[in-house]
Amino acid sequence: MPQVLWQQTLSQLKGRLSATELGCWVQAIHPVEIRERRLYGEVPSVMHLEQIRNRLQGEIAGVLEELLGSGAELVLSVNRLRVQPVVDPRPAAAEATSRYGFESFVIGESNSLAHASAREVANHPGVTYNPLFLYGGVGLGKTHLATAIAQSLAKRPRLRIAMLSAEAFANDLIRALLTGAIDAFRVRVRQLDVLIVDDIQFLAGKERMQEEFFHTFNALHAAGKQIVLVSDQAPRSISNLEERLQSRFESGLTTEIRIPEAPLRLAILASKAKGLGFDLSLEVAQWVASRVVSSVRELEGALHRLVAACRCSRRSLDVGFAREVLRPILRTPPARTVEQVQRIVAERFQLRVEDLVHRARTTRIRLPRQVAMYLARKGTKATYEEIAAGFGGRDHSTIMHAVKCVEARRHEEPEFAVLVDQLAEKLASA
Ligand code: ADP
Ligand code: MG
């Protein structure tokens, strides 16, 4: 039994390797079989393979020789369907894995639903939301949340979990097709208890992959196994994705991660600065949060730049210095256009741009149209006349009236104000 041998090997290695070496690398090895004094094992990534080969293979082979006799060795291969197990929370190991855990995920309006549903899936896999479909723009924390689910579930001993990108799924599938190992591939995938696929939009336009994924999905779903899918767009918006997949994908819960709102950006900066042991003043944090608006990844990038600059120059960080340091990455935003506003508002209210622009007077369209006019006034450089022209040649007093109505309503209805602010943020980062 490879598992038994491997357990013995691990317990012998405990005294000889550090907690990090064991937790991050060795425990990620999955024993597959023993043949002729060779233990064959699988690891989840090429990085694992290299780290183990370069630093740890000798030590492991030493233990195997004690157990199997001289000449024993470990033969590793990469199998991306294996997720790295999370190990007991010893400090080193915890540090290595919690960067993408729930603990380090900062919650705000724009991601709280996504976070709550990810938590729910991690607590009750296969029960409440199946599949969970998470989508949103680049650098907003989708992979972070998906990884947090995987890590949290990996703490349960007998659960078979795989997290991989749709591209890795496709590559494994192609390899299986080429080597005639398609049945083994199917068996392997369908034995999983949890399948998490990142960047599922990669399947767009790839019919053979979609076909195979459709069957994988059905087999796992019918067996009550948890499926989590991550994408840059909602299922219906992924073009060249078969209708039957779109409808499967939205048959559970679909949640969006939106662009982080200002308070969340500030909270993320504070949390990351604290993690780096970096003293960031509120004033500078607010300034950065007001200039870097469209993704968390960019916020992190800005912070790292500031930290590096301060450590090199030993200057203390004020807004002036921050401005200097970040100048190369802060593009002056290109001017927004009335058409951009119309597209964003139409998308949000699920209307066609023509409906907003042209004269239809239905009440359903009146509010979205007024919001679009308001945003065109506040978020672009267009004059009242230019905006009026962009809305089918109305009178400019119509635009002024719309702006007043939206302003009044903002004061009366906090939810409406939030909606308008979200649209404004979307425009600012378009
Ligand atoms: P996506 O997959 O949506 O493109 P990632 O999950 O890779 O984005 O996130 C980009 C970076 O931003 C990562 O370093 C991630 O840890 C960080 N990040 C995103 N959202 C949050 C958040 N709410 N709290 C803390 N870090 C976050
Ligand atoms: Mg990602």
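Throughout this description, residue numbers start from 1 for each chain and increase along the sequence as written. Both sets of labels track the order of writing: A upward for chains, 1 upward for ligands. Since the coordinates come from a predicted model, pLDDT governs what is reported: local features require at least 70, and pairs of side-chain atoms require 80 or more to be given and counted, while whole-chain, interface and lining totals use all residues. Side-chain numbers come from the whole structure's heavy atoms, not from hydrogens or water.

Details of the overall build of the protein
Our working rule: Elements are defined by DSSP. Helices are runs of H or I of four residues or more, strands are runs of E of two residues or more, and each kind is numbered from the N terminus. Relative accessibility decides the category of a residue: with a 1.4 Å probe and only protein chains considered, values under 20% of the type maximum give buried, values over 50% give exposed, and everything between is partly exposed. Contact criterion: two residues are considered in contact whenever any of their non-hydrogen atoms come within 4.5 Å of each other. Surface accessibility in these figures is a Shrake-Rupley result with a 1.4 Å probe; residues are shielded only by whichever protein chains are displayed. For the charge count, each Lys or Arg is scored as positive and each Asp or Glu as negative, with His and the chain ends excluded. Think of each charge as sitting on NZ of Lys, CZ of Arg, CG of Asp or CD of Glu.
Helix and strand counts for the protein stand at 20 helices and eight strands. Within the protein, buried positions represent 45% of all 430 residues. Pairs at least 24 residues apart make up 72% of the contacts formed inside the protein by residues separated by at least 6 positions. Put simply, the protein shows about 21,700 Å² of open surface, and 51% of that area lies on carbon and sulfur atoms. Distance between charge centroids for the protein: 1 Å, based on 57 positive and 48 negative side chains.

Points about the site of ligand 1
Selection criterion: Think of it this way: one heavy atom of a residue within 4 Å of a molecule or strand is enough to make that residue near it. What qualifies as a polar contact is a pair of N or O atoms within 3.5 Å, subject to a donor-acceptor requirement within protein and to the restriction that residues adjacent in sequence count only when both atoms come from side chains. In the scheme used here, Gly and all other residues not listed as nonpolar or charged are polar, with Ala, Val, Leu, Ile, Met, Phe, Trp, Tyr, Cys and Pro taken as nonpolar and Asp, Glu, Lys and Arg as charged. Where a domain begins and ends is set by an automatic assignment or by a domain database.
Not every one of the 19 residues close to ligand 1 is listed here, only the nearest: Gly139, Thr143, His144, Lys272 and Glu300. Note that an oxygen atom of ligand 1 is positioned 2.7 Å from one of the side-chain N or O atoms of His144. Measuring from a nitrogen atom of ligand 1, one finds a side-chain N or O atom of Lys272 at 2.7 Å. Listed by contribution, the elements that provide at least two residues to the shell around ligand 1 are α6 (142-153), α11 (262-275) and α13 (296-313). Across the shell around ligand 1, the residue classes break down as seven nonpolar, seven polar and five charged. Counting residues domain by domain, the shell around ligand 1 receives three or more from each of domain 2 (94-256) and domain 3 (262-326).

A short note on the pattern of salt bridges
Convention followed: The term salt bridge refers to a pairing of a side-chain nitrogen on Lys or Arg with a carboxyl oxygen on Asp or Glu at a separation within 4 Å.
Considering all chains together, one arrives at 24 salt bridges under this definition. Of the charged contacts in the structure, one is a salt bridge between Glu33 and Arg35, with a shortest N-O distance of 3.1 Å. What makes Glu33 partly exposed here is its relative accessible area of 30%. Of the charged contacts, one joins Glu413 and Arg409 as a salt bridge, the two residues approaching to 3.2 Å between their closest N and O atoms. On the basis of relative accessibility, which here comes to 32%, the residue Glu413 falls in the partly exposed class. Note on Arg409: relative accessible area 30%, which makes it partly exposed. One continuous salt-bridge network, built from bridges that share partners, spans Asp183, Arg186, Arg190, Arg208 and Glu212.

Here we look at unusual backbone geometry
Note: most residues except glycine have negative phi, and most peptide bonds are trans. Residue Pro131 follows Asn130 across a cis peptide bond; omega there is 0°. For Pro131, the position within the fold is in the loop between α5 (112-123) and β4 (132-136). Its identity as a non-glycine residue notwithstanding, Arg37 has a phi of 65°, on the positive side. Assignment of secondary structure puts Arg37 in the loop between β1 (30-35) and β2 (38-43). Take Arg37: its relative accessible area is 43%, and that puts it in the partly exposed class. Located in the positive-phi region is Gln350, a residue other than glycine, with phi close to 55°. With a relative accessible area of 70%, Gln350 lands in the exposed category.

Quick word on the pairing of strand β5 (residues 161-165)
How we decide: By the convention used here, strands pair only if DSSP detects at least 2 bridges between them.
Among the five residues that make up β5, four are buried, leaving the element largely enclosed by the rest of the structure. The pairing of β5 with strand β6 (residues 194-198) spans five bridges and is parallel. Bridge pairing in β6 places Ala162 opposite Leu195.

Some thoughts on the environment of Thr216
With respect to the element layout, Thr216 can be found in helix α9 (residues 207-222). Separated by 27 residues in the primary sequence, Thr216 and Val189 place their C-alpha atoms 7.3 Å from one another.

Digging into the sheet that holds strand β3 (residues 73-78)
Two orientations exist for strands paired in a sheet by backbone hydrogen bonds: parallel and antiparallel. Short version of the rule: Angular values range over 0 to 180 degrees, each being the angle between N-to-C directions of two axes fitted as lines to C-alpha atoms, with helices fitted over their stretch in contact.
Spatially, the three strands line up as an open sheet ordered β1-β2-β3, and their pairing is mixed. Looking along the sheet, the strands with just one partner apiece sit at the ends: β1 and β3. Taken pair by pair, the neighbouring strands of this sheet meet at an average axis angle of 25°, ignoring direction. Contacts between helix α1 (residues 2-13) and the sheet are confined to β1 and β2, with β1 contributing the most and set at about 110° to the helix.

Points about the side chain of Gln210
Here Gln210 shows up in helix α9. For Gln210, the side chain forms a polar contact with the main-chain nitrogen of Glu242, separated by 2.9 Å. In this view, Gln210 contacts Leu203, Ala204, Gly205, Asn240, Leu241, Glu242 and Leu245; residues no more than four positions away in its chain are not counted.

Comments concerning the domain arrangement of the protein
Per the domain assignment, the segments of the protein are domain 1 (2-78), domain 2 (94-256), domain 3 (262-326) and domain 4 (338-429). Each of domain 3 and domain 4 has a C-alpha centre, and these two points are 33 Å apart.

Quick look at the nonpolar core
Generally speaking, nonpolar side chains in soluble globular proteins are found buried as a group. Filter applied, for reference: Here, the term nonpolar core denotes a set of buried Ala, Val, Leu, Ile, Met, Phe, Trp, Tyr and Cys residues that are joined through side-chain atoms within 4.5 Å.
Counting 30 residues, the largest nonpolar core has Leu195, Val197, Ile200, Phe213, Leu229 and Phe249 as its most contacted members. Of the residues forming this core, the biggest block, six residues, is contributed by helix α7 (residues 166-178). Not counting the four nearest positions on each side in its chain, Phe249 is found in contact with Pro131, Phe133, Ile200, Phe213, Phe217, Leu229, Pro235, Leu241 and Thr254. Core analysis: the next-biggest nonpolar cluster, separate from the first, contains 28 residues, Leu299, Val307, Phe321 and Leu330 among them.

Remarks on the sheet that holds strand β7 (residues 226-231)
Taken in spatial order, the five strands line up as β5-β6-β7-β4-β8 in an open sheet, and their pairing is parallel. Lying at the two open borders of the sheet, with one neighbouring strand each, are β5 and β8 (253-257). Direction aside, the axes of adjacent strands within the sheet are offset by 15° on average. Packed on one face of the sheet, α5 meets β4, β7 and β8 and runs near 135° to β8. Packing of α6 onto the sheet brings it into contact with β4, β5, β6, β7 and β8, and relative to β5 it is tilted by some 160°.

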